[in-house]
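Spelled out, the chains give:
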Amino acid sequence: MNISRGFLVIGSLYLLVGIGLGMHMGASGDHTLAPVHAHINLLGFAVMSIFGLAYRLIPGLAEGWMPKAHFWLHQIGALILLIGLTLLMLGKVEEASIGPILGIFELFILAGTILWTVNLWKRTA
Ligand code: HEM
Ligand code: HEM
């Protein structure tokens, strides 16, 4: 699979959802989900677009196992984190039960970002 394309296309899907939620918040006046909106746009669209452009522009960056692991860790982590945060902010789940689960998927994103940083360090030397 093409890591750059994956990040760019999925990032733009997050932007569509983020804009939709922003418009809904603006129209309804209910800003409960503002942190979800912020992270859909930033952790989803902005960060994924930067990854997508970098994997396309920096020679060798998209080669090897690290980019694939980074891609899946970020995708799974961001999706579950944002769904969990939405349920938490809407009061559908208790913080005590969802908190540890969110922590695990935050670690997915952190692990992916460590791989990204190591790979970037090696390929831009
Ligand atoms: C048409 C598109 C958008 C609309 C209608 C919209 C609307 C909103 C609304 C109503 C809020 C809540 C403000 C508040 O509660 O104080 C908000 C917060 C926020 N939005 Fe958007 N937004 C849009 C696009 C974006 C984009 C593209 C980004 C980032 C790339 C973004 C980043 C943020 C952030 C970071 C916050 C949180 C600010 C804070 O809590 O201080 N938004 N937006
Ligand atoms: C796993 C990754 C991340 C976690 C766990 C996380 C967690 C948090 C938390 C707990 C808050 C405070 C929310 C509140 O007070 O309501 C916050 C706010 C914020 N974060 Fe993140 N964040 C992450 C990634 C990012 C990234 C990658 C960006 C930007 C590229 C970002 C931008 C922001 C901004 C702008 C705010 C303030 C907006 C708001 O209060 O809604 N975050 N984040």
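As the structure is a prediction and not an experimental result, all values here were calculated from the model.

**Concerning the site of ligand 2**
Within the structure, ligand 2 sits among Pro 35, Ala 38, His 39, Leu 42, Leu 43, Val 47, Leu 81, Glu 106 and Ile 109. One of the side-chain nitrogen or oxygen atoms of His 39 is found 2.8 Å away from a nitrogen atom of ligand 2. Elements with a minimum of two residues in the shell around ligand 2: helix 2 (34-57) and helix 4 (95-123). Here the shell around ligand 2 gets six residues from one element, more than from any other, and that element is helix 2. Among the residues making up the shell around ligand 2, the classes are represented as seven nonpolar, one polar and one charged.

**Section: the packing of aromatic side chains**
Counted by the stated rule, this structure contains seven aromatic pairs. A centroid spacing of 5.2 Å and a plane angle of 55° characterise the contact between Phe 7 and Phe 51, whose relative ring orientation is tilted. Of this pair, Phe 7 sits in helix 1 (residues 3-28) while Phe 51 sits in helix 2, and the two are 44 residues apart along the sequence. Look at Phe 51 and you get buried, because its relative accessible area is 6%. Geometrically, the ring pair formed by Phe 71 and Trp 72 is edge-to-face, given 5.0 Å between the ring centres and 90° between the ring planes. By relative accessible area, which is 46% here, Trp 72 ends up partly exposed. Three or more aromatic residues joined by ring pairs make a cluster, and in this case those are Phe 7, Phe 51, Tyr 55, Phe 71, Trp 72 and Trp 116.

**Points about the coordination of the iron atom of ligand 2**
Just one protein atom coordinates the iron atom of ligand 2, and that atom is His 39 (NE2), at 2.1 Å. With respect to the helices, strands and loops of the structure, His 39 is situated in helix 2.

**Regarding the nonpolar core**
Core analysis: the biggest nonpolar cluster contains 22 residues, and Phe 7, Tyr 14, Leu 21, Ile 40, Tyr 55, Ala 78 and Trp 116 have the highest contact counts within it. Among the elements of the structure, helix 1, helix 2, helix 3 (65-89) and helix 4 are those that each provide at least two residues to this core. Sorting elements by how many residues they give to this core places helix 2 first, with seven residues. Residues within four places of Phe 7 in sequence aside, it is in contact with Met 48, Phe 51, Gly 52, Tyr 55, His 70, Phe 71, His 74 and Gln 75.

**A short note on the UniProt feature "transmembrane region" (unreviewed entry) in the chain**
In the numbering adopted here, UniProt assigns the feature "transmembrane region" (unreviewed entry) to residues 7-26, 38-58, 70-91 and 97-121. The span residues 70-91 carries 91% helix and 0% strand; its end-to-end C-alpha distance comes to 31 Å. Helix makes up 100% of residues 97-121 and strand 0%, and the two end C-alpha atoms of the span are 38 Å apart.

**Considerations on the coordination of the iron atom of ligand 1**
Of all protein atoms, His 37 (NE2) alone acts as a donor to the iron atom of ligand 1, lying 2.0 Å away. Tracing the backbone shows His 37 in helix 2.

**What about the environment of Gly 22?**
Mapping Gly 22 onto the fold places it in helix 1. You can call Gly 22 partly exposed: its relative accessible area is 22%. Placed 82 residues apart in sequence, Gly 22 and Ile 104 show a C-alpha to C-alpha distance of 27 Å.

Cut-off values and rules
- The numbering scheme is per chain: residues are counted from 1 as the chain's sequence reads.
- Lettering for chains starts from A, numbering for ligands starts from 1, and both go in the order in which the items are written.
- Confidence filtering applies because this is a predicted model: local features only for residues at pLDDT of at least 70, side-chain atom pairs given and counted only at 80 or more, and all residues used for totals across whole chains, interfaces and linings.
- Excluded from the side-chain calculation are hydrogens and water; included are all heavy atoms of the structure.
- Consider each residue's heavy atoms; a residue with any of them within 4 Å of a molecule or strand counts as near.
- Side-chain atoms alone can form a polar contact between residues adjacent in sequence; in general such a contact is a pair of N or O atoms within 3.5 Å, and within protein one must be able to donate a hydrogen while the other accepts it.
- Under the DSSP-based scheme used, a helix requires at least four consecutive residues in state H or I and a strand at least two consecutive residues in state E, with every element numbered from the N terminus.
- For this classification, the nonpolar set comprises Ala, Val, Leu, Ile, Met, Phe, Trp, Tyr, Cys and Pro, the charged set comprises Asp, Glu, Lys and Arg, and every other residue, Gly included, is treated as polar.
- Note on ring pairs: Phe, Tyr and Trp rings are taken, using the six-membered ring of Trp, and paired if centres are within 6.5 Å. Classes follow the plane angle, with under 30 degrees stacked, over 60 edge-to-face and the rest tilted.
- Each residue is placed in one exposure class: buried if its accessible area under a 1.4 Å probe, protein chains only, is under 20% of its type's maximum, exposed if it is over 50%, and partly exposed if it falls in between.
- Note: metal donors comprise N, O and S atoms at 2.8 Å or less from the metal (3.2 Å for Na, K and Ca); water molecules are not included, so apparent gaps in a site are possible.
- Nine residue types can take part in a nonpolar core, namely buried Ala, Val, Leu, Ile, Met, Phe, Trp, Tyr and Cys, and a core is a set of them joined through side-chain atoms within 4.5 Å.
- By definition in these notes, contact holds between two residues if any of their heavy atoms fall within 4.5 Å.
- UniProt positions are given in the numbering used here, feature names are shortened, and annotations may be inferred rather than shown by experiment.

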